[in-house]
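# A structural walkthrough
So the chains spell out like this:
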Amino acid sequence: MSVPDKTYIRFVCFQSIGRQRSRLDLFKAINEAVESEHAAGWAIAEARKLSGWFNANLAIPKAFSTGGHKGFGQPGLSWFKPVATEHIRRMHRLKLALEECGIHVEVLTTRDPGLIVWQDQFQIVAEPRGRKF
């Protein structure tokens, strides 16, 4: 999948608890996939392998909010920068593995992720300015 310059990409899945639908981090979704009775063995192995790769090759953001009243009232969301081609490629592989385990993954893109509160070479964390992603 080609992503235009200055377009950020995010992978999300959702978890329903009762009548509430909330975002579930893809890496936390791996735990659910492993516990699924219907998960294919190859998909679980692939998800675990990719999780290990991301643990070794992607920093954990140090900030998710500007804090206080200056923020937009929502915690920041993580997005991949367009230059993170290897990370994005592997996220698409993780998406396929999770979907084989019954966990739907959505791919979101934006040119305006909001107020950037943290970044490194491959990713940003941005407060979404009241928009929902």
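Predicted model only: the values in this text are computed from it and were never measured.

The N-to-C vectors of helix 2 (residues 41-57) and helix 3 (residues 85-100) enclose an angle of 150°; their axes lie 9 Å apart at closest approach. Looking at the two axes, helix 2 sits roughly antiparallel to helix 3. Classified by chirality, the crossing of helix 3 by helix 2 is left-handed. Across from W42, A43, E46, A47, K49, L50, W53, F54 and N57 in helix 2, the residues of helix 3 making contact are E86, H87, R90, M91, R93, L94, L96, A97 and E100. For the contact of helix 2 with helix 3, a count of residues per class yields 10 nonpolar, two polar and six charged.

We now examine the packing of helix 1 (residues 26-35) against helix 3. Their axes nearest at 11 Å, the elements helix 1 and helix 3 cross at an angle of 30°. Judged by the angle between their axes, helix 1 and helix 3 are roughly parallel. For the pair helix 1 and helix 3, the sense of crossing is left-handed. Between helix 1 and helix 3, the contacting residues are L26, F27, A29, I30 and A33 on the first element and M91, L94 and L98 on the second.

In this section: the nonpolar core. Ranked by internal contacts, the top residues of the largest apolar core, which has 27 residues, are F11, C13, L26, F80, M91, L94 and L98. At the level of secondary structure, the elements contributing two or more residues to this core comprise strand 1 (8-17), helix 1, helix 2 and helix 3. The biggest single contributor to this core is helix 2, with six residues. Sequence-distant contacts of C13, that is, excluding residues within four places in its chain, are made with S22, R23, L24, D25, L26, A29, I103, H104 and V105. Core analysis: the next-biggest nonpolar cluster, separate from the first, contains seven residues, Y8, L108, I124 and A126 among them.

Taking 1.5 Å of rise per residue, the 16 residues of helix 3 would be expected to cover 22 Å, and the 23 Å separating its terminal C-alpha atoms lies within 8% of that figure. Regarding helix 3, the residues found buried are H87, I88, R90, M91, L94, K95, A97 and L98. Within two residues after helix 3, G102 carries a phi angle of roughly 90°, on the positive side.

Attention shifts here to helix 1. Among the residues of helix 1, those classed as buried are L26, A29, I30 and A33. The buried residues of helix 1 occupy an angular sector of 120° when the element is viewed end-on, so they sit on one face. Those residues of helix 1 that are exposed and angled more than 90 degrees off the buried face are K28 and E35.

Enumeration over the complete set of coordinates arrives at three aromatic pairs. Between W53 and F54, the aromatic rings sit 5.0 Å apart at their centres with planes inclined by 90°, giving edge-to-face as the arrangement. Taken individually, W53 and F54 each receive the classification buried, so the pair is uniform in this respect. Members of the aromatic cluster, connected to one another through ring pairs, are F27, W53 and F54.

Thresholds applied
- Residues numbered from 1 in each chain as written.
- Predicted model: local features only at pLDDT ≥ 70, side-chain atom pairs only at ≥ 80, totals over all residues.
- Heavy atoms only, no water.
- Axes fitted to C-alpha atoms, helices over the stretch in contact; angles between N-to-C directions.
- Helix = DSSP H or I, 4+ residues; strand = E, 2+ residues; numbered from the N terminus.
- Parallel < 35°, antiparallel > 145°, perpendicular 65-115°, else oblique.
- Left-handed = near helix turned anticlockwise from the far one by under 90°.
- Contact = heavy atoms within 4.5 Å.
- Nonpolar A, V, L, I, M, F, W, Y, C, P; charged D, E, K, R; others polar.
- Core = buried A, V, L, I, M, F, W, Y, C linked by side-chain atoms within 4.5 Å.
- Buried < 20%, exposed > 50% of the residue type's maximum accessible area, 1.4 Å probe, protein only.
- Expected span 1.5 Å × (residues − 1).
- Arc of directions from axis to C-beta.
- Phe/Tyr/Trp six-rings, centres within 6.5 Å; stacked < 30°, edge-to-face > 60°.

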